[in-house]
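Here is what each chain is made of, one letter per residue.
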Amino acid sequence: MKIDLMGGFLGGGLMAVATSSFLALTGRLIGLSGIFSGVSRPSVRGFSWKAAFTSGLLLGSVVAQMQTRGDWILVPFNGTFPSWFAYVMGGFLVGFGTRLANGCTSGHGLCGIARFSARSTLATFTFLGTGVTTATLIDSLGGGPFRNLPSAVDQSQDYLRWIAAAIAFGLLVRSGWRSMGNGNSLINVVVPFGAGATFGAGLTVSAMPTPEKLLGFLTMTNFENWDATLMVVFAAGVALNSILFKLILSSLQRPVLAETDEKTKFEIPTNNYDITRKLILGSIMFGAGMGISGACPGPGVVLMAMGMPKGWAFTISMYAGFEAISRLQKVL
């Protein structure tokens, strides 16, 4: 068994600090799939802070990679990387599934379980269980079309990093422009950007974007190669969040940056026991996509920021999944 205790605890701790401080200051929870899908729709409520958060995550993950690891090398799992087909198919399933289930590893996992939500706890066990089953089955069958030997396209390309950086700065400028003049730049730009940068740093420090970690956890064909780092990340993040969430919600009547006359307080879901077919089906689809690609929303976008071609394929396919479920729900 492999385990990176330092990286796991530090990464999980950074993500917990980002989510808890964001809740205390703005009253909002961090759910990456919802944030990322909102960035593609500038007319949707909350675009400004979601764009700033995404910008911070993109830039924060890259800076953390440069400062802590110093290279752009991904480590394969069992000598192979997920194939183009795996990232495209997995990305679509992740995008479709997370929006159908209304949450991913951050919203349901780090934040939902920390709030003792039965709905989020069931979703988390469902997508992790499906991810383990899918990844283990693929490995048992030799990988098939879902895995390939390392090649040049499995490493960073400078021009893709520059494009990702340009997108990050563009989102930040757009967010600032939208918030200019209405007096809420702090709550809609500065704080979300900082939270995103901290969360992105946590993902990078814990090495979750690399196949060695996420696929190493989900694949259980060989206990000697099993990587328990994700379990440490979850344990550290959920434990710290559960303590901080309780302190925040019990000691503050409203978010720190909320207006004193604002009626809305903390934006906390109240449907903690609402178990639906959409929740189960979406979580299964998300887990299958994660087991196929070895990525979920956060790590996939970080791969894009790091200039990985397949990270771009995953992210584009994930947004296709977001769009597909959005159109389907309108029809239904």
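Here, every reference points to the structure presented above.
Residues numbered from 1 in each chain as written. Predicted model: local features only at pLDDT ≥ 70, side-chain atom pairs only at ≥ 80, totals over all residues. Heavy atoms only, no water.

Caption draft 1: Examining the overall build of the chain more closely. Each helix and strand in the chain was counted, giving 13 helices and two strands. Counting only C-alpha atoms and orienting by the principal axes, one finds that the chain spans roughly 60 × 45 × 45 Å. Long-range pairs, those at least 24 residues apart, make up 81% of the contacts in the chain with a sequence separation of at least 6. Surface exposure of the chain reaches about 14,200 Å², of which carbon and sulfur atoms provide 66%. (Helix = DSSP H or I, 4+ residues; strand = E, 2+ residues; numbered from the N terminus. Contact = heavy atoms within 4.5 Å. Areas by Shrake-Rupley, 256 points an atom, 1.4 Å probe, with all protein chains shown as cover.)

Caption draft 2: Layout of the layout of surface pockets. Space inside the largest pocket adds up to approximately 1,100 Å³. At the level of elements, helix 2 (32-39), helix 3 (47-68), helix 5 (105-112), helix 6 (118-140) and helix 8 (185-205) are the ones that each hand at least two residues to the lining of the largest pocket. When residues in the lining of the largest pocket are grouped by element, the largest group, five residues, is from helix 2. Of the residues contributing to the lining of the largest pocket, the split by class is 13 nonpolar, 21 polar and eleven charged. (1 Å grid on protein atoms, 1.4 Å probe; cavity = no way out; pocket = protein on both sides within 12 Å on 5 of 7 lines; lining within 4 Å. Points joined across faces, edges and corners; volume = space filled by probe spheres on them. Nonpolar A, V, L, I, M, F, W, Y, C, P; charged D, E, K, R; others polar.)

Caption draft 3: Spatial organisation of the nonpolar core. If you look at the biggest cluster of nonpolar residues, it comprises 57 residues, and the most contacted ones within it are Ile 30, Leu 32, Phe 36, Phe 53, Leu 57, Phe 199 and Met 290. The element contributing the most residues to this core is helix 3, with six residues. Setting aside anything within four residues of it in sequence, one finds Met 290 in contact with Val 94, Phe 127, Leu 128, Leu 214, Leu 218, Ala 295 and Cys 296. Judged by nonpolar contacts, the second largest core, of ten residues, contains Leu 93, Phe 146, Ala 288 and Ile 292. (Core = buried A, V, L, I, M, F, W, Y, C linked by side-chain atoms within 4.5 Å. Buried < 20%, exposed > 50% of the residue type's maximum accessible area, 1.4 Å probe, protein only.)

Caption draft 4: Region of interest: empty space enclosed by the protein. In the structure shown here, the tally under the stated rule is two cavities of 30 Å³ or more. For the largest cavity, the calculated volume is near 180 Å³. Around the largest cavity sit 17 residues that line it, and Thr 105, Leu 203, Leu 230, Phe 234 and Cys 296 are the ones nearest its centre. Broken down by secondary-structure element, the contributors of at least two residues to the lining of the largest cavity are helix 5, helix 8, helix 10 (229-251) and helix 12 (297-305). In terms of residue class, the lining of the largest cavity is built from 14 nonpolar, three polar and no charged. The computed volume of the second largest cavity comes to approximately 50 Å³.

Caption draft 5: The pattern of salt bridges, seen in detail. Applying the stated criterion across every chain yields a total of four salt bridges. Of the charged contacts, one joins Glu 323 and Arg 41 as a salt bridge, the two residues approaching to 2.8 Å between their closest N and O atoms. With a gap of 282 residues between them, Glu 323 in helix 13 (residues 309-331) and Arg 41 in the loop between helix 2 and helix 3 connect regions that are remote in the sequence. Classification of Arg 41 as partly exposed rests on a relative accessible area of 25%. Glu 323 serves as the salt-bridge partner of Arg 327, at 2.8 Å between the closest nitrogen and oxygen. Here Arg 327 pairs with Glu 323, and both are found in helix 13, just four residues apart, close to one helical turn. Note on Arg 327: relative accessible area 55%, which makes it exposed. Among the residues examined, Glu 323 registers a relative accessible area of 30% and is labelled partly exposed. A single salt-bridge network, built from bridges that share partners, covers Arg 41, Glu 323 and Arg 327. (Salt bridge = Lys/Arg side-chain N within 4 Å of Asp/Glu carboxyl O.)

Caption draft 6: Here's a closer look at unusual backbone geometry. The phi torsion at Asn 78 lies on the positive side, around 55°, for a residue other than glycine. Here Asn 78 lies in the loop between helix 3 and strand 1 (81-82). You will see that Phe 116, though not glycine, has its phi angle at about 60°, which is positive. Tracing the backbone shows Phe 116 in the loop between helix 5 and helix 6.

Caption draft 7: Spotlight on helix 6. Taking 1.5 Å per residue, 23 residues should reach 33 Å; helix 6 reaches 33 Å between its end C-alpha atoms and fits that length. Downstream of helix 6 by one or two residues, Gly 142 has phi in the positive range, about 85°. (Expected span 1.5 Å × (residues − 1).)

Caption draft 8: Layout of the packing of aromatic side chains. On inspection of all chains with the given rule, the structure shows ten aromatic pairs. With a centroid separation of 5.4 Å and an interplanar angle of 35°, the aromatic rings of Phe 85 and Phe 146 are classed as tilted. Placement of Phe 85 in helix 4 (residues 84-101) and of Phe 146 in the loop between helix 6 and strand 2 (147-148) is noted, with a sequence separation of 61 residues between them. Every member of this aromatic cluster is reached through a ring pair, and the members are Phe 22, Trp 49, Phe 53 and Phe 199. (Phe/Tyr/Trp six-rings, centres within 6.5 Å; stacked < 30°, edge-to-face > 60°.)

Caption draft 9: Examining the state of the cysteines more closely. Here the structure, examined in full by the defined rule, presents zero disulfides. The cysteine Cys 104 is free of any disulfide, with Cys 296 supplying the nearest cysteine sulfur at 6.7 Å. As a non-bridged cysteine, Cys 111 has Cys 104 as the owner of its nearest cysteine sulfur, 9.3 Å distant. (Disulfide = S-S within 2.5 Å.)

Caption draft 10: Quick look at helix 11 (residues 277-293). The first and last C-alpha atoms of helix 11 sit 24 Å apart over 17 residues, in line with the 24 Å expected at 1.5 Å per residue. Of all 17 residues in helix 11, twelve are buried, a share of seventy percent or more. Every buried residue of helix 11 is listed here: Leu 279, Gly 282, Ser 283, Met 285, Phe 286, Gly 287, Ala 288, Gly 289, Met 290, Gly 291, Ile 292 and Ser 293. Phi turns positive, to about 70°, at Gly 294, one or two residues after helix 11.

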